[in-house]
Amino acid sequence: MSQLNAVELAKEVEADIVQWRRDLHQIPELGLVLPQTVAYVKNVLAGLGIEYDASYVNGNGIVALIHGKKAELNSDKVLAFRADMDGLPISEATGLAFSSLNQNMHACGHDGHTAMLLGAAKILQENRDQFVGTIKLIFQPGEEYPGGAEPMIQEGAMLNPKVTRVMGFHQGQIDPKVPKGTIAYKEGPIMASMDRFLIEVNGKGYHGAYPEESQDPIAAAGQLINALQTIKSRNIKAVNPAVVSITRVQGGINQNIIPDKVELEGTVRALNDETREFIHKKIEQIAHGIGAALDVECVVTYDYKYPPVTNDEQVTTEVVNSLEEIFPGQLVEVEEPLMGGEDYAYYLYEAPGTFLFLSNPSNIEGKFHGHHHAKFDVDESLFYMATAAFVKVALDYLN
């Protein structure tokens, strides 16, 4: 049990956290190229006297270290905290005084993730004499797409020193069943994998009045759309969560021309690798079967993107017990895993850890707008909760 009051310390830096978030909110950047965002975070870290390496992902990812100095003892424990920094290609419509200054938007809350972790960094840097071991701060690009966690790990973000435990947060209202002002958790799978598939249906175009002379990719695409839905409804147990969604259908140029090609693109969500692999095989089987039956070529590209986010049971239990001490009655267990994805999953392959949800939705024009919406916003008055949680977990684990 830590002696420092993590909640009081977090509230003392609350104004900094809010200002950092608002500054970042105005300069959202996309994917794996975040020059302004990285420069801002580096400047804050330098001002706090925290050592960092900003060479990751071509200069778009940062790893910072805070070394505990309590009683001059040594420890091989290394606790990593992760924050994502990228935004989305959405034109903001919140009307906030600190709205985005470009055509992008922090519509998923990553500005707050970064600011809340910087708040914890400030507190822990100023209280290094209160813990042993090392705290590693990971600021990554590209969580939305194409994924920044994996390249960060490949470039050694979880090594030198080797991370022994990892923790992360997502803010907003990820799960509508979780009350505002609480922190949500779940042992085991908490978020689904996120894979992408593309089916290119190659046929032979012809005049629409003479379909018998064509090899019609549109007719095949229609069959595919229906058949792919049977993967979940007829091939996977009802109690095994999975999603196969076709999200883009593209083909054709005119009302009287059968085209040469149609593309189907979509997403697959599952809670384990076995289900992902099964769905991949079924997509190929269905595509090739319909292709053969309708005399077209179906080329399947299946991209294994983010794995499921699977929390370590022991770590999650310890973290929840720790946080109950400072937020009694404010820890809520997620009832069902969510089918949204998060590339934080990759860190959990490298070290035992947990991923938590801070429920802090906010209304714009009297209405709540969810993640990835042009009017998405969060309640800044609850930022201190995630910052305090980082601090409390760090003090308890490292000591």
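Quick notes on the rules
- Residues numbered from 1 in each chain as written.
- Predicted model: local features only at pLDDT ≥ 70, side-chain atom pairs only at ≥ 80, totals over all residues.
- Heavy atoms only, no water.
- Phe/Tyr/Trp six-rings, centres within 6.5 Å; stacked < 30°, edge-to-face > 60°.
- Lys NZ or Arg CZ within 6 Å of the ring centre and 35° of its normal.
- Pairing = 2+ DSSP bridges.
- Helix = DSSP H or I, 4+ residues; strand = E, 2+ residues; numbered from the N terminus.
- Axes fitted to C-alpha atoms, helices over the stretch in contact; angles between N-to-C directions.
- Contact = heavy atoms within 4.5 Å.
- Left-handed = near helix turned anticlockwise from the far one by under 90°.
- Nonpolar A, V, L, I, M, F, W, Y, C, P; charged D, E, K, R; others polar.
- Core = buried A, V, L, I, M, F, W, Y, C linked by side-chain atoms within 4.5 Å.
- Buried < 20%, exposed > 50% of the residue type's maximum accessible area, 1.4 Å probe, protein only.
- 1 Å grid on protein atoms, 1.4 Å probe; cavity = no way out; pocket = protein on both sides within 12 Å on 5 of 7 lines; lining within 4 Å.
- Points joined across faces, edges and corners; volume = space filled by probe spheres on them.

Draft legend 1. Quick look at the packing of aromatic side chains. Enumeration according to the criterion identifies eight aromatic pairs in this entry. One aromatic cluster in this structure is built from Tyr344, Tyr347, Phe355 and Phe357. The ring of Tyr384 has Lys11 lying over it, and the distance from NZ or CZ to the ring centre is 4.7 Å. Stacked on the ring of Tyr397, the Lys or Arg Lys77 has its end atom at 4.7 Å from the ring centre.

Draft legend 2. Main features of the sheet that holds strand S6 (residues 183-185). Taken together, eight strands build an open sheet; the order of strands is S1-S2-S4-S3-S5-S16-S6-S15 and the sheet is mixed. In this open sheet, the two strands that pair with only one neighbour each are strand S1 (51-55) and strand S15 (331-333). For this sheet the average axis-to-axis angle between neighbouring strands, irrespective of direction, equals 25 degrees. Sheet topology places S6 next to strand S16 (residues 353-359); two bridges connect them, and they run antiparallel. Pairing of Ile183 across the sheet is with Leu358, part of S16. Set on the sheet, helix H5 (residues 110-126) makes contact with strand S2 (61-67), strand S3 (78-84), strand S4 (134-140), strand S5 (165-172) and S16; between it and S3 the angle comes to about 150 degrees.

Draft legend 3. Spatial organisation of the packing of helix H2 (residues 14-25) against H5. With their axes 8 Å apart at the nearest point, H2 and H5 run at an angle of 145 degrees to one another. Between H2 and H5 lies a crossing of right-handed hand. Judged by residue contacts, Asp16, Ile17, Trp20, Arg21, Leu24 and His25 of H2 engage Asp111, Gly112, Thr114, Ala115, Met116, Leu118, Gly119 and Lys122 from H5. In terms of residue class, the contact of H2 with H5 is made up of six nonpolar, four polar and four charged.

Draft legend 4. A look at the nonpolar core. In this structure, Phe81, Leu137, Phe139 and Ile183 are the most contacted members of the largest nonpolar core, which totals 71 residues. If sequence neighbours within four positions are ignored, Ile183 has contacts with Phe169, Leu323, Phe327, Gln330, Leu331, Val332, Leu356, Phe357, Leu358, Met385 and Ala389. In terms of nonpolar packing, the next biggest core, distinct from the first, is built from 31 residues, Ile138, Tyr306, Ala345 and Leu348 among them.

Draft legend 5. Layout of the sheet that holds strand S12 (residues 261-270). The four strands lie next to each other as S10-S12-S8-S13, forming an open sheet whose pairing is antiparallel. Taken across any chain shown, the strands that pair with only one partner, and hence form the sheet edges, are strand S10 (242-251) and strand S13 (297-306). Neighbour-to-neighbour, the strand axes of the sheet open up by a mean angle of 15 degrees, direction not taken into account. The strands touched by helix H9 (residues 273-293) are strand S8 (194-202), S10, S12 and S13; relative to S13, the strand with the most contacts, the crossing angle is about 165 degrees.

Draft legend 6. Inspection of empty space enclosed by the protein at higher detail. Applying the stated criterion across every chain yields a total of one cavity of 30 Å³ or more. If you add up the space inside the largest cavity, you get close to 30 Å³. Along the walls of the largest cavity sit Arg82, Ala83, His113, Met116, Leu117, Phe169 and Phe390, which together make up its complete lining. Residue assignment for the lining of the largest cavity shows that the elements contributing at least two residues are S3 and H5. Per-class residue counts for the lining of the largest cavity are five nonpolar, one polar and one charged.

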